[in-house]
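Residues per chain, in single letters:
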Amino acid sequence: MAELVGPRLYSCCNCRNHVALHDDVISKAFQGRNGRAFLFSHAMNISVGRKEDRQLMTGLHTVADVFCSDCREVLGWKYERAYEETQKYKEGKFILEKSKIVKENW
């Protein structure tokens, strides 16, 4: 009998709450506060903090920190607004730091 395997997921490193699907990874070539980070089109089971303007490596952006909805671990941020035209594709997307997430069902 074949073994049923669910979708490949990323979970919070602290409590294993599912926070993103592997299929929603747009890029693995981003930089977070603490090293490598992934850009996702969607995230789940997260809370979004207050919006603030931040000067990032690619220019000024309005971002909001994202937290695990279970344990409140800061996982990354959501791009709310990009001020430079070349960065507009990030709007509404999520950065999750590699050091804050773990793979599930791989």
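What counts and how
- Residues numbered from 1 in each chain as written.
- Predicted model: local features only at pLDDT ≥ 70, side-chain atom pairs only at ≥ 80, totals over all residues.
- Heavy atoms only, no water.
- UniProt positions renumbered as here; feature names shortened; annotations may be inferred.
- Helix = DSSP H or I, 4+ residues; strand = E, 2+ residues; numbered from the N terminus.
- Rg over C-alpha atoms; globule rule 2.2 N^0.38 Å.
- Buried < 20%, exposed > 50% of the residue type's maximum accessible area, 1.4 Å probe, protein only.
- Contact = heavy atoms within 4.5 Å.
- Areas by Shrake-Rupley, 256 points an atom, 1.4 Å probe, with all protein chains shown as cover.
- Lys, Arg positive; Asp, Glu negative; His and termini not counted.
- Charge placed at Lys NZ, Arg CZ, Asp CG, Glu CD.
- Phe/Tyr/Trp six-rings, centres within 6.5 Å; stacked < 30°, edge-to-face > 60°.
- Lys NZ or Arg CZ within 6 Å of the ring centre and 35° of its normal.

For the protein, an unreviewed UniProt entry supplies the name Protein yippee-like and the organism Nyssa sinensis. UniProt, in the comment section headed Sequence similarities (unreviewed entry), describes the protein in these words: "Belongs to the yippee family."

Caption draft 1: Spatial organisation of the overall build of the protein. Within the protein, the regular secondary structure consists of zero helices and nine strands. When the elements of the protein are put in sequence order from the N terminus, they spell out β-β-β-β-β-β-β-β-β. For 106 residues, the compact-globule estimate of 2.2 N^0.38 gives 13 Å, and the C-alpha radius of gyration of the protein, at 14 Å, lies within 12% of that figure. When each of the 106 residues of the protein is scored for burial, the buried share is 39%. Restricting the contact set of the protein to residue pairs at least 6 apart, pairs at least 24 apart contribute 48%. Taken as a whole, the protein presents about 6200 Å² of accessible surface, with 48% of it coming from carbon and sulfur. With 17 positive and 14 negative side-chain charges, the protein shows a spacing of 2 Å between the two charge centroids.

Caption draft 2: Local environment of the packing of aromatic side chains. Under the counting rule described, the total for this entry stands at four aromatic pairs. Measuring from ring centre to ring centre gives 5.5 Å for Tyr10 and Phe40, while their planes differ by 80 degrees; the resulting arrangement is edge-to-face. A residue pair is termed long-range when its members are at least 10 positions apart, and Tyr10 in strand β1 (residues 9-12) and Phe40 in strand β4 (residues 35-40) qualify at 30 residues. The exposure class of Tyr10 is buried, given its relative accessible area of 2%. A residue is classified by how much of its surface remains accessible, and Phe40, at 0% relative accessible area, is buried. When the centroid spacing of 6.2 Å and the interplanar angle of 80 degrees are considered together, the rings of Trp77 and Tyr79 count as edge-to-face. Overall, Trp77 belongs to the buried group, its relative accessible area being 4%. Of the aromatic side chains, those joined through ring pairs into one cluster are Tyr10, Phe38 and Phe40. Between Lys28 and the ring centre of Phe38, over which it is positioned, the NZ or CZ distance is 5.6 Å. Here the basic side chain of Arg72 rests over the ring of Phe67, its NZ or CZ set 4.6 Å away from the ring centre.

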